[in-house]
Structures are given as structure tokens and as C-alpha cells.
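Given next are the chains, with one letter for each unit.
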Amino acid sequence: MTGRLLGSGRSADVYEIDGTWVLRRVRDGRVDAAAEGAVMTHVRLHGYPAPRVRPSGSPTDLVMERLSGPTLLAALLAGETGPAEGGALLASLLRRLHAVPGRDPARPGTRVLHLDLHPGNVMLTPDGPRVIDWTEAEDGPPGLDWAMSAVILAQVAVGELPMARDLLAALLADPGELTDEGLAEALRRRAANPTMSRREVELLPAAERLVRTLR
């Protein structure tokens, strides 16, 4: 049984269970909730700030820790967090994630990648930031993760929210492991993402130019 609806995203809804847990239900069945929960458990075991999870018994449902506090996006829009601080936080979360050992011993150079790390997927809780929505996570080269975050921010910057340019500049102040190969793959994946609008896809060339300008 689920409680009241707490929020909805592009592909999932979040319902109240009680004061400790919520249920995230995918609407289109595209996501393997058990696999997502396994990624979150793996990174938590290595000290990364992901929510706790527990088995749900359903391939489309993920039961996870109920978090309190605004998203980083809400804090930015409210002026409670500045773009420089927000971009630096995203960069630090990427670096921390890529310090976590990968899950496949046969691929020692790979790391767990979030692949959707942006201000809407960071919650600012009283205990510090927590990273949510691991539906796109996989193992791979860290450069792809940096590129995905950069492209997402750049799309917003050249679209409806110019403030995102300062956020992107702060993220790329030390671009870390962002590579040309990672950027090309990130652009390809964003163009093929079925949840993106036609307008968002049309912004990709301008987003690429902005990322290359700020690197």
C-alpha cells in the first residue's frame, strides 16, 4: 500500500510510506529497481551519500530512505545557494563517487557512474547532501560522468536558465576527467534520451559549444 503522492518526475512518482521510507515507482517499466538499489547499496558501503534502500518485491518499485530538505536546484532558485557553491558541490560529488571502487574486478579502470548528476538530483539534508535518482547508473570511465553533468547544465544554460552558465563554469573550474570521448558520448546519449523534448535536443549543439568554451 502507498500513501500520498509526494512528487513526480519525467518517468517516476514518489509516494509516502511512513516517516522513514518512501516508494519510488517507475511509470514506464524501463528501470530495473533492484539493479538501481544494488548500485546505491554499493556506493553507500564505500561512504558515498546515497539514500538507504530496502527490497520492495517489485521490479518497478524502489523503497528508499525518506529525506528532508530542498534539492540543490530549489536552493539555487531561491538564492539560498550561489552558482559557484552549487557547481563546486557537484564537482566534489563526482570526485567522491569516482573514488568508489568499480563493481567489476575485470575492469579495474572503470568506476560507478551516476550519469544524471545535476542540481535536481542532489538533496540538501540536515546531514549533508544526498544524491538521488540512480536510474541511469552504470560502470564506465569517469570522463563520461563529468560530460553528462556538463551537458545537462549547458542545455539549461542555453535554454531557460542563464544562471546555469555560472553553475557550469564552477563545475568545470577544474574539469577533472572530462574528455572529448566522454563529451561525444554524452551528447549522443542525450540526443537519444526518450524523455527529452524536441526543443531540448535542438539545444545540444549550442550546449556543446558552451562546454568547450568553458573547459
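Above this note sits the structure.
Residues numbered from 1 in each chain as written. Predicted model: local features only at pLDDT ≥ 70, side-chain atom pairs only at ≥ 80, totals over all residues. Heavy atoms only, no water.

Some points on the pattern of salt bridges
In this structure the tally under the stated criterion is 14 salt bridges. A salt bridge links Glu65 to Arg52; the nearest nitrogen and oxygen atoms lie 3.7 Å apart. Of this pair, Glu65 sits in strand β5 (residues 61-65) while Arg52 sits in the loop between α1 (33-45) and β4 (53-54); the two residues are 13 residues apart in sequence, bridging distant segments of the chain. A relative accessible area of 35% means that Arg52 is categorised as partly exposed. Between Glu138 and Arg189 there is a salt bridge, with its nearest N and O atoms 3.1 Å apart. Remark: Arg189 occurs in helix α6 (residues 180-192) and Glu138 occurs in strand β9 (residues 138-140); sequence separation between them is 51 residues. (Salt bridge = Lys/Arg side-chain N within 4 Å of Asp/Glu carboxyl O. Helix = DSSP H or I, 4+ residues; strand = E, 2+ residues; numbered from the N terminus. Buried < 20%, exposed > 50% of the residue type's maximum accessible area, 1.4 Å probe, protein only.)

Quick look at helix α8 (residues 204-214)
Along α8, the positions that sit buried rather than exposed are Leu204, Ala207, Leu210, Val211 and Leu214. The buried side chains of α8 occupy one side of the element, clustering within an arc of 120° when seen end-on. Residues Arg209 and Thr213 are exposed on α8 and point more than 90 degrees away from its buried face. (Arc of directions from axis to C-beta.)

So, the side chain of His118
Position of His118 relative to the elements: it lies in the loop between β6 (111-113) and β7 (122-125). Ignoring anything within four residues of it in the chain, the contact list for His118 reads Leu90 and Ile152. (Contact = heavy atoms within 4.5 Å.)

Topic: the packing of helix α4 (residues 142-158) against helix α5 (residues 164-171)
Interhelical geometry of α4 versus α5 gives an angle of 160° and a closest axis separation of 8 Å. By the angle class used here, α4 and α5 are roughly antiparallel. For α4 against α5, the interelement crossing comes out left-handed. Counting all contacts with α4, which are made through Trp146, Ser149, Ala150, Leu153, Ala154, Val156 and Ala157, the residues of α5 involved are Ala164, Arg165, Leu167, Leu168 and Leu171. Residues belonging to the contact of α4 with α5 are distributed by class as follows: 10 nonpolar, 1 polar and 1 charged. (Axes fitted to C-alpha atoms, helices over the stretch in contact; angles between N-to-C directions. Parallel < 35°, antiparallel > 145°, perpendicular 65-115°, else oblique. Left-handed = near helix turned anticlockwise from the far one by under 90°. Nonpolar A, V, L, I, M, F, W, Y, C, P; charged D, E, K, R; others polar.)

A look at unusual backbone geometry
Backbone geometry places Leu115, a non-glycine residue, at a positive phi of 70°. Residue position: Leu115 is located in the loop between β6 and β7. Assessed through its relative accessible area of 4%, Leu115 is described here as buried. Its identity as a non-glycine residue notwithstanding, Asp133 has a phi of 55°, on the positive side. Judged by relative accessible area, Asp133 falls into the partly exposed class, the value being 25%.

Let's talk about the packing of aromatic side chains
Counting across every chain of the model gives 1 aromatic pair. Note that Arg54 overlies the ring of Trp21, its terminal NZ or CZ placed 4.8 Å from the centroid. (Phe/Tyr/Trp six-rings, centres within 6.5 Å; stacked < 30°, edge-to-face > 60°. Lys NZ or Arg CZ within 6 Å of the ring centre and 35° of its normal.)

A short note on the environment of Leu90
The residue Leu90 is located in helix α3 (residues 83-98) in this model. The class of Leu90 is buried, set by a relative accessible area of 0%. In this structure, the C-alpha to C-alpha distance between Leu90 and Leu172, residues 82 residues apart in sequence, is 10.0 Å.

With respect to the sheet that holds β4
With antiparallel pairing, the 5 strands of this open sheet are ordered in space as β1-β2-β3-β5-β4. A single partner strand is all that each edge strand has here, and the edge strands are β1 (5-8) and β4. Relative to β5, strand β3 (residues 21-26) runs antiparallel, the two being bridged by 5 bridges. Bridge pairing links Arg24 to Leu62 in β5. Sitting on the sheet, α1 touches β3, β4 and β5, and the angle it makes with β5 is about 25°. (Pairing = 2+ DSSP bridges.)

Re the nonpolar core
Tyr48, Trp134, Leu168 and Leu171 are the most contacted members of the largest nonpolar core, which totals 50 residues. Once you skip the residues sitting within four places of it in the chain, Leu171 turns out to touch Gly87, Leu90, Ala91, Leu94, Trp146, Ser149, Ala150 and Leu153. (Core = buried A, V, L, I, M, F, W, Y, C linked by side-chain atoms within 4.5 Å.)

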